[in-house]
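Chain residues, written in single-letter form:
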Amino acid sequence: QVQLVESGGGLVQPGGSLRLSCAASGSIFSINAMGWYRQGPGKQRELVAGFNSGGSTKYADSVKGRFTFSRDYAKNTVTLQMNSLKPDDTAVYYCNAWIQRVVGGLVADYWGQGTQVTVSS
């Protein structure tokens, strides 16, 4: 069993900051990729930031310079520091990870339950 547990989120005024964290727990051999997606009202789910199987970190163009993604290898945790938030950042934010549970096993896709971020005055 693997779980992605998200924390953070909430209501913030434009220009404010929030911090999201996601911890992967359970039977984990390796995490090949991990990051944050979001889905705003009436919009498709999109990648916000994350690292891929090659170890590179990628950001959506709309958040570059405002959001910072980081990873704690020892704790299987990723964090998204969101600064200078805008109303357009309002969305449900989901943690996603591609995890290999055992040596030689398949790599499977896991999702957190989602956390609401609302940017409004």
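Look a little higher up for the structure.
The following refers to the structure shown. (Residues numbered from 1 in each chain as written. Predicted model: local features only at pLDDT ≥ 70, side-chain atom pairs only at ≥ 80, totals over all residues. Heavy atoms only, no water.)

Within the protein chain, the regular secondary structure consists of 0 helices and 11 strands. When the helices and strands of the protein chain are listed from N to C terminus, the series reads β-β-β-β-β-β-β-β-β-β-β. Over its C-alpha atoms the protein chain spans a radius of gyration of 14 Å, differing by no more than 12% from the 14 Å that the globule rule assigns to 121 residues. Viewed in the frame of its principal axes, the protein chain has a C-alpha envelope of about 50 × 25 × 25 Å. For the protein chain, the proportion of its 121 residues judged to be buried stands at 40%. Partitioning the contacts of the protein chain with sequence separation of at least 6, the portion at a separation of at least 24 is 56%. (Helix = DSSP H or I, 4+ residues; strand = E, 2+ residues; numbered from the N terminus. Rg over C-alpha atoms; globule rule 2.2 N^0.38 Å. Buried < 20%, exposed > 50% of the residue type's maximum accessible area, 1.4 Å probe, protein only. Contact = heavy atoms within 4.5 Å.)

Here we come to the sheet that holds strand β8 (residues 77–82). With antiparallel pairing, the 4 strands of this open sheet are ordered in space as β1-β3-β8-β7. Two strands close off the open sheet at either side, each with one partner strand: β1 (2–7) and β7 (67–72). On average, each strand axis in the sheet is inclined to that of its neighbour by 15°, with strand direction left out of account. With 6 bridges connecting them, β1 and strand β3 (residues 18–26) associate as antiparallel partners. (Pairing = 2+ DSSP bridges. Axes fitted to C-alpha atoms, helices over the stretch in contact; angles between N-to-C directions.)

Looking now at the packing of aromatic side chains. Across all of its chains, the model carries 3 aromatic pairs by this definition. Ring plane angle 50° and centroid distance 6.3 Å describe the contact between Phe51 and Phe69, whose orientation is recorded as tilted. You can see Phe51 sitting in strand β5 (residues 46–51) and its partner Phe69 sitting in strand β7, a full 18 residues away along the chain. Using a relative accessible area of 9% as the deciding quantity, one classes Phe69 as buried. On the numbers, 6.4 Å between centres and 85° between planes, the contact of Tyr94 with Trp111 is edge-to-face. Here Tyr94 is found in strand β9 (residues 91–100), whereas its partner Trp111 is found in strand β10 (residues 107–111), with 17 residues between them in sequence. Take Tyr94: its relative accessible area is 16%, and that puts it in the buried class. Within the aromatic cluster, the residues linked to one another by ring pairs are Tyr37, Tyr94 and Trp111. Over the face of the ring belonging to Tyr94 we find Arg45, whose NZ or CZ atom lies 3.9 Å from the ring centre. Over the aromatic face of Trp111 sits the side chain of Arg45, whose NZ or CZ is 4.7 Å from the ring centroid. (Phe/Tyr/Trp six-rings, centres within 6.5 Å; stacked < 30°, edge-to-face > 60°. Lys NZ or Arg CZ within 6 Å of the ring centre and 35° of its normal.)

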